[in-house]
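Chain by chain, the residues:
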Amino acid sequence: MIIRNYSGVICVQNIISCADLKIMQDNISTYDFLPSVADQSFFAKASKSSHDIILSTNCTIKKIIEQTYDCKIYDEDCATINKYLPGWSLKPHDDSGPTNSGRNSTDFSSILYFNHNFVGGNLRFIEKDIFIQPKAGMAVISPATSDYLHEVTKLVSGERYTATVFWQKENNVYKPI
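Treat the numbers as computed from the prediction; the structure is a model and nothing was measured. (Residues numbered from 1 in each chain as written. Predicted model: local features only at pLDDT ≥ 70, side-chain atom pairs only at ≥ 80, totals over all residues. Heavy atoms only, no water.)

Asker: Tell me about unusual backbone geometry, residues and numbers included.
Answerer: Positive phi, normally seen in glycine, also occurs at Asn-14, with a value near 60°. Looking at where Asn-14 falls in the secondary structure, it is placed in the loop between β2 (9-13) and α1 (18-29). Positive phi is not limited to glycine here, since Asp-70 has a value of about 50°. You can see Asp-70 is positioned in the loop between α3 (48-69) and β4 (80-84). Looking at Asp-70, the relative accessible area reads 71%, which means it is exposed. (Helix = DSSP H or I, 4+ residues; strand = E, 2+ residues; numbered from the N terminus. Buried < 20%, exposed > 50% of the residue type's maximum accessible area, 1.4 Å probe, protein only.)

The structure is reproduced here in structure tokens:
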């Protein structure tokens, strides 16, 4: 695992083993996604090992967030699996909304890439002048504030598969939405 900090944006290469990445790729490639690109029902239908892989990866991401940003984070057992098709892009935004598990605010976000056999679909942090070309097995972690406004460039070809998780500091007031 290789961890790099680019002005507060953390890139973690090889956060998931090749064997676990292969399991996730196999499960995702055979999964019948809902019409929307973000699908939280994946784990209800996927193999038990997929859920375990995400839980394990989330534990690693949580430790990296806590060490890098010197804070305590709530456990997150939810992830949204995303499938993006050619023509898709994401306009500049921050990730300060609710967490996957319903906590009322997000302090950090993470994205885990399952593949890189696509063209376009790159992640760009506008204010930080950071451009990330995703690689399979890479995670990107960042604060969810407007200082970390980001976008995803237009996906030109291929399909892009990710898992997103939104994290909250433990000292934030928990208010279900």
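Asker: Describe the sheet that holds strand β8 (residues 123-125), and please don't skip the residues or the numbers.
Answerer: Ordered by their spatial adjacency, 4 strands build an open sheet running β5-β11-β8-β9, and the pairing between neighbours is antiparallel. Because the sheet does not close on itself, it has two edges, and the strands there are β5 (90-93) and β9 (130-132). Sheet twist, expressed as the average angle between the axes of neighbouring strands with direction ignored, equals 10°. Looking at chain direction, β8 and strand β11 (residues 150-152) are connected through 3 bridges and run antiparallel. Note on β11: the bridge partner recorded for Phe-125 is His-150. (Pairing = 2+ DSSP bridges. Axes fitted to C-alpha atoms, helices over the stretch in contact; angles between N-to-C directions.)

Asker: Tell me about the environment of Ile-81, and please be specific about residues and values.
Answerer: If you trace the backbone, Ile-81 turns up in strand β4. Taking relative accessible area as the criterion, Ile-81 reaches 0% and is therefore assigned buried.

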